[in-house]
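Report on the structure
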Amino acid sequence: MDAATLCLAMIGFASLLSVFATIMAVLDRDLLRAALFSALQSTLYAFLFYVLMAPDIVLVYVAVAVGIYPLLIVLLIKKVGRFEEVGR
Amino acid sequence: MRNVVVALAVVFTVLLLAYATYLGALGPIPPNDLRELAKALLERSYRPWNPFNTSMCPEAVTAVVWDFRGLDTVFETVVFYGAIVATLALYRTTSRSLGLVGERLSLIVRYATLVSVPMILIVAAATALHGQLTPGGGFQGGAIAAVAPVVALVVFGRRKLLDLGVTYVKALIVRNLALVAIALTALGPLIAGIVLGIDAYVLQNQGKVGAPLSYPPWILDVPSGGSVILFNIFEALAVAAGFTLVFLTLALDEETARRELVGEDRGW
């Protein structure tokens, strides 16, 4: 397998996994777990940006999407409660 | 079961779209030749042998962000500033009172954080100060630096952070001074031009034909990018202080935050 094919395979795998993580983040009723799925999606996107040769974006994306954003969400979850209520 | 079916359907759709794109549905990507625009940008971002109409900034992305499209970035900074002003306006006076939230975490977490916080700050400084040479720049550096106080806030608690001197007022002062510095860097050549009686542009970096003023293009033997390095430093400070302000405010406990807002929905 040559380098270009390997790169494409890695991009494909990371993309599909990120779609799965996004769906799980939307569907999960445990908000803390949803935040973790969202962080997983962000990590995969950071990887994608890196493979696609956009290191400038990676640097800001890692700090915001993997650091600041999940922390903000966790702070909010602390205020509104961990579990989404069903049937409202 | 239903969730899995939905998830698999979405994954399958994305896979189809990706395959169509790969087969060339959006035209040939990436283009095989370097387009004229790209050539012009690459040629002008770093050209020490002909110092007119260049940025003296080997990192082409940063050259575009802070020089070629500098006005866009200044407005972007203003939007970020406005967003933070809006957040702080919601909380107003509460931000300066001492509402506390949370307990500090365990010893292991605290010591691990103690080690990692200085490292985060060092990476942030390197990203911002090297912005004209390697990928990175002001916003990136600032966002990385902002992670340090935010992590410290969660791990040590708000009280400890205030004791260490990371206070609301200090962050506010740093942010405002940094924004004034960005404005002065942008207007600097124009002001100097008026004083000296020669033509100059707003956001001018290196000299242009008919407007010879330049920011120093070298720091010792390293290309400085002229105004780019100044913009990067001030932007990093503004962004880091802005994020810190927002998180210091959001870490207030609900009671304190709400006390100040009572009745405002009725126009009091």
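Just so it is clear, the structure is predicted and the values come from calculations on it, not from any experiment. (Residues numbered from 1 in each chain as written. Chains lettered and ligands numbered in written order. Predicted model: local features only at pLDDT ≥ 70, side-chain atom pairs only at ≥ 80, totals over all residues. Heavy atoms only, no water.)

**Thoughts on the overall build of chain A**
The test is simple: Per the convention used, a helix needs a DSSP run of H or I reaching at least four residues, while a strand needs a run of E reaching at least two, with both numbered from the N terminus. Each residue is assigned to one of three classes by its accessible area relative to the maximum for its type, calculated with a 1.4 Å probe on protein chains only: buried under 20%, partly exposed between the two thresholds, exposed over 50%. Should any heavy atoms of two residues lie within 4.5 Å, those residues are considered in contact.
Counting secondary structure elements, chain A contains 3 helices and 0 strands. Along the chain direction, N to C, the helices and strands of chain A fall in the order α-α-α. Within the span of chain A, comprising 88 residues, buried residues form 34% of the whole. Partitioning the intrachain contacts of chain A with sequence separation of at least 6 by distance along the chain shows that 58% fall at a separation of at least 24.

**A few points about the pattern of salt bridges**
Residue and element names in this part refer to chain A. In plain terms, the rule: For this document, the term salt bridge refers to a Lys or Arg side-chain nitrogen within 4 Å of an Asp or Glu carboxyl oxygen.
Under the definition given, this model contains 5 salt bridges over all chains. The shortest N-O distance in the salt bridge between Arg33 and Asp28 comes to 2.9 Å. A relative accessible area of 47% means that Arg33 is categorised as partly exposed. Exposure remark for Asp28: the relative accessible area of 9% places this residue in the buried category.

**With respect to the nonpolar core**
One broad trend across soluble globular proteins is that nonpolar side chains are buried collectively. Stated formally: Residues grouped as a nonpolar core are buried Ala, Val, Leu, Ile, Met, Phe, Trp, Tyr and Cys residues, joined through side-chain atoms within 4.5 Å.
Counting residues in hydrophobic clusters, the biggest one holds 36 residues, and the most contacted among them are A:Ile68, B:Leu153, B:Phe243 and B:Phe247. Of all the secondary structure elements, the ones that give two or more residues to this core are helix 3 (55-80) of chain A together with helix 4 (70-91), helix 5 (107-129), helix 6 (138-156), helix 8 (168-196) and helix 9 (227-250) of chain B. With 11 residues, the single largest contributor to this core is helix 6 of chain B. Setting aside chain neighbours within four positions, we find B:Leu153 in contact with B:Arg158, B:Leu161, B:Phe247, B:Leu248 and B:Ala251.

**A word on helix 1 (residues 3-27) of chain A**
Formally: Every helix has an expected span of 1.5 Å times one less than the residues it contains.
The terminal C-alpha atoms of helix 1 of chain A lie 36 Å apart, and with 25 residues this matches the ideal 36 Å at 1.5 Å per residue to within 8%. All buried positions along helix 1 of chain A are accounted for by A:Ile11, A:Ala14, A:Ser18, A:Val19, A:Ala21, A:Ile23 and A:Ala25. Residues of helix 1 of chain A that are buried sit in contact with helix 2 (31-51) of chain A together with helix 1 (2-22) of chain B.

**Focus: helix 1 of chain B**
Within an α-helix, residues lying three or four positions from one another point in the same direction, as the helix has 3.6 residues per turn. For helix 1 of chain B, which comprises 21 residues, the first-to-last C-alpha distance of 30 Å matches the rise-based estimate of 30 Å (1.5 Å per residue) to within 8%. One or two steps after helix 1 of chain B, the chain reaches B:Gly24, where phi turns positive at roughly 110 degrees.

**What to know about the environment of B:Gly210**
With respect to the secondary-structure elements, B:Gly210 resides in the loop between helix 8 and strand 1 (218-219). Overall, B:Gly210 belongs to the exposed group, its relative accessible area being 59%.

**Let's talk about the side chain of B:Thr113**
For B:Thr113, the location among the structural elements is in helix 5. Apart from residues no more than four positions distant in its own chain, B:Thr113 is found in contact with B:Pro118, B:Val151, B:Val155 and B:Phe156.

**Here's the deal with the packing of aromatic side chains**
Put simply, the rule is: Ring pairs shown here join Phe, Tyr and Trp side chains whose ring centres sit within 6.5 Å, with only the six-membered ring taken for Trp; geometry is labelled stacked below 30 degrees between planes, edge-to-face above 60, and tilted in between.
In this structure the tally under the stated criterion is 5 aromatic pairs over all chains. Where A:Tyr45 meets A:Tyr61, the ring centres are 6.4 Å apart and the plane angle is 25 degrees; that geometry is what we call stacked. Residue A:Tyr45 is found in helix 2, and its partner A:Tyr61 is found in helix 3; the two are separated by 16 residues along the sequence. Relative to B:Phe243, the ring of B:Phe80 has its centre 5.3 Å away and its plane inclined at 65 degrees; by these criteria the two rings are edge-to-face. You can see B:Phe80 sitting in helix 4 and its partner B:Phe243 sitting in helix 9, a full 163 residues away along the chain. Judged by its relative accessible area of 15%, B:Phe243 is buried. A connected cluster of aromatic rings, assembled from ring pairs, spans A:Tyr45, A:Phe49 and A:Tyr61.

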